[in-house]
Amino acid sequence: MSLVSAFRELFEPILTELAADRAKVPDYLAMIKPAANADHGDYQANFAMALGKALGQKPQDVAKAIIAKLPPNEWLESATVAGPGFINLKLKSAYLADRVRQIAQDTRLGVTPAAKLRTFVIDYSGPNVAKPLHVGHLRSTIIGDALVRILRFCGHTVIGDNHLGDWGTQFGILIYGYKHHRDEAAFQVDPVKELARLYIHVRNLAKVTGEEDEGGGEVMEACRAETAKLHAGGEENVGLWKKFMPACLEMLRPIYDRLDVKIDHALGESFYNPMLAAVVDDLLAKGIAVESKGAVVVPNAKGVVPQNDEQQAKEEPPALIRKRDGAFTYTTTDLATIKYRADTWKPDAMLYVVDARQALHFKTLFANAKRWGYDNTEFQHIAFGSILGRDKKPYRTRDGGTVELSALLDEAAKLGLQGYEASYAERTTHGHEVAELSPAVKREIAETVGYGAVKYADLSGNRTSDYIFDYDKMLALEGNTATYMQYAYARCRSIFRKGEIDETAFHAKLPAVVITTPQERALVVQLLKLPEAIESAATEYLPHHLTGYLWDLAKAYSVFFEACQVLKAETPELRDSRLVLVDLVARVIRQVLNLLGIRTVERM
RNA sequence: GCACCCGUAGCUCAAUUGGAUAGAGCGUCGGCCUCCGGAGCCGAAGGUUAUAGGUUCAAGUCCUAUCGGGUGUACCA
């Protein structure tokens, strides 16, 4: 149980007795929060102002009356009224020590499963197969993976689904290339490599640099014709599509392995293709979809289908589900997907981790899904901003090309290794004894630090805003970065190595915790806030609440580390007590980084 | 035109969803540390939260208007 819930249990009977409107008690209880300022105690209750207003009494008096009714207990040091009626709550150090030892004995570090267990489908990553993964897929993949891990840790059932773009123009390119430019021998030996070559080759022939749905001259015309034949069910092209798909999926695997991301399902656009006609028929039959301008559309979120130019200028557009030429659109696919997911997994919520620019699409989609009958499902567009370069324009390579994920990760690992080597050199010149590590271990450090930096940079800001991709900042040794957290972890581990602690024995008979300094106390309070941080990240779908927590923890640990000798503590009891804290800090950092998809190393 | 997002310290970002004196990192200035990993610690300067109103006991947060920036907007996904 978290500390807030403990406080809420304590105050609930008193508020129920006092409140004019009992229905508001949960709202009042929600007003118990960690203290904004450490001078005000550990937690603060802000309900006396609202309650005083409702009762027509002075908030300070209400606060005093509530404090007077608190039952005797072992854990509250003080409850005092301050300012307009804040109740400042301070916990007894002995109680904190006891609680922290309890969570140190818990493999889940005191985090209990969520009160209401739900089933989530999370749609994330969604690359176009047959093309290399590029920087545009990074955020969806990383944020989606973090949410999967966080919600699972909370005990929820989570189904991750990679909604692949596996039915688009890129297959026209591959089919065209295969028919006219293939090296059959090369294809036999390594289809993945040959298809990748063909894709680039044809794009170069057509001189396409960006989007491939328009322009590109005769070559692209031919490619689009091949795509059309595929979509029309042409036997030859469908056969080629089936032949290419395994190789295309194989192309994606190395990147996901490097990112340490495993997605449960990969049901792409092609999977839903056979269902689309029936979706349109059903929506028409139910009167949700209508014909407009020769196409079939579903109305906008307000339920309106603009009928003339004037309306069109001030209304949101409807969503097309069947174009004039008879082809279906991604809205059709998305509706079919919702139906399939609902039928198959019966989720309570469906989350879409997709670029913020698609907000209007999802607004319209969700409104129509609800009209269609899925009105008991929570739909969420987990929107995120764009990745920009230092010039604040979309992040690109120096010559203006798309940044491929493999190159990006190579660079991050390279810089991770440089960081290690710089640290090694500096410590050696300071006369420290530094262990000589094998090339394999060094590579692991490089990748853990490099990839961790990329992920953490992405997850540590508010997801909805754009962020500037900057290797120097994300790999910085100070500030709120993965590197800093990994370093804090390594320092903790170093203490156990240096002290030659037998960890198995240590954990088997965990020493008592005693709090003797303000720094120890602050660290313990921060450790005990872990459940609240995880709950907040899970219910708001905001991973950066976890990085914020880690940052506060790392700072509290630094202050503690500076002020409190561990191995050379004054007494053996104090040494053991502090070792419990050091061990717990390490485990909390490792666990929270794990929830973000980031690894730790013992030395760096 | 309409809709959505954003505007917080020189820069990059927070602010526990309406709570107390708006906080961190970088950068700047000053101090500490022969000590378990100096990738450290303490302190200072830096703000009319774009602007003007409004709601509230309480507003960076909610409402209205204005200014400035971004994004989207009927047959790509």
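Residues numbered from 1 in each chain as written. Chains lettered and ligands numbered in written order. Predicted model: local features only at pLDDT ≥ 70, side-chain atom pairs only at ≥ 80, totals over all residues. Heavy atoms only, no water.

Looking at an unreviewed UniProt entry, one finds chain A named Arginine--tRNA ligase, with Limnoglobus roseus as its source organism. According to the UniProt record, the Catalytic activity (unreviewed entry) comment for chain A reads "tRNA(Arg) + L-arginine + ATP = L-arginyl-tRNA(Arg) + AMP + diphosphate". What UniProt records for chain A under Subunit (unreviewed entry) is the sentence "Monomer." (UniProt positions renumbered as here; feature names shortened; annotations may be inferred.)

Novice: Before we go on, may I ask you to explain the protein's contact with RNA strand B in this structure?
Specialist: If you check the shell around RNA strand B, you find 71 residues, and the closest are Lys33, Lys53, Asn88, Ala313 and Glu426. Of all RNA strand B atoms lying within 4 Å of any protein atom, the proportion belonging to sugar or phosphate reaches 49%. Between RNA strand B and the protein, one listed contact pairs a base nitrogen with a side-chain N or O atom of asparagine 88 at 2.3 Å. Contact between RNA strand B and methionine 604: a base nitrogen at 3.1 Å from a main-chain N or O atom of the residue. Elements supplying a minimum of two residues to the surface near RNA strand B: strand 1 (32-34), helix 3 (47-55), strand 4 (86-91), strand 8 (295-298), helix 14 (309-314), helix 17 (405-429), helix 20 (482-498) and helix 24 (544-563). No other element matches helix 24, which puts eight residues into the surface near RNA strand B. (Near = heavy atom within 4 Å. Polar contact = N/O pair within 3.5 Å; in protein donor to acceptor, adjacent residues only side chain to side chain. Helix = DSSP H or I, 4+ residues; strand = E, 2+ residues; numbered from the N terminus.)

Novice: In this structure, what is going on with unusual backbone geometry? I would like to understand it.
Specialist: Negative phi characterises most residues that are not glycine, and trans characterises most peptide bonds. With phi around 75 degrees, serine 125 is a residue other than glycine that occupies positive phi space. Its identity is not glycine, yet lysine 392 carries a phi of approximately 65 degrees, on the positive side. Following the sequence through the fold, lysine 392 ends up in the loop between strand 12 (387-388) and helix 17.

Novice: Looking at this model, I keep getting lost on the UniProt feature "short sequence motif: 'HIGH' region" (unreviewed entry) in chain A. Mind explaining?
Specialist: Look at the UniProt record and you will see "short sequence motif: 'HIGH' region" (unreviewed entry) annotated at residues 127-137. Between the first and last C-alpha atoms of residues 127-137 the distance is 6 Å; the span itself is 0% helix and 0% strand.

Novice: Quick question: what am I supposed to make of the environment of valine 298 here?
Specialist: Note on placement: valine 298 falls in strand 8. Valine 298 sits in the buried class, given a relative accessible area of 1%. Expressed as a C-alpha distance, the spacing of valine 298 and arginine 322, which sit 24 residues apart in the sequence, is 9.7 Å. For valine 298, the residues in contact, after removing those within four places along its chain, are Leu283, Ile288, Ala289, Pro318, Ala319, Ile321 and Asn368. (Buried < 20%, exposed > 50% of the residue type's maximum accessible area, 1.4 Å probe, protein only. Contact = heavy atoms within 4.5 Å.)

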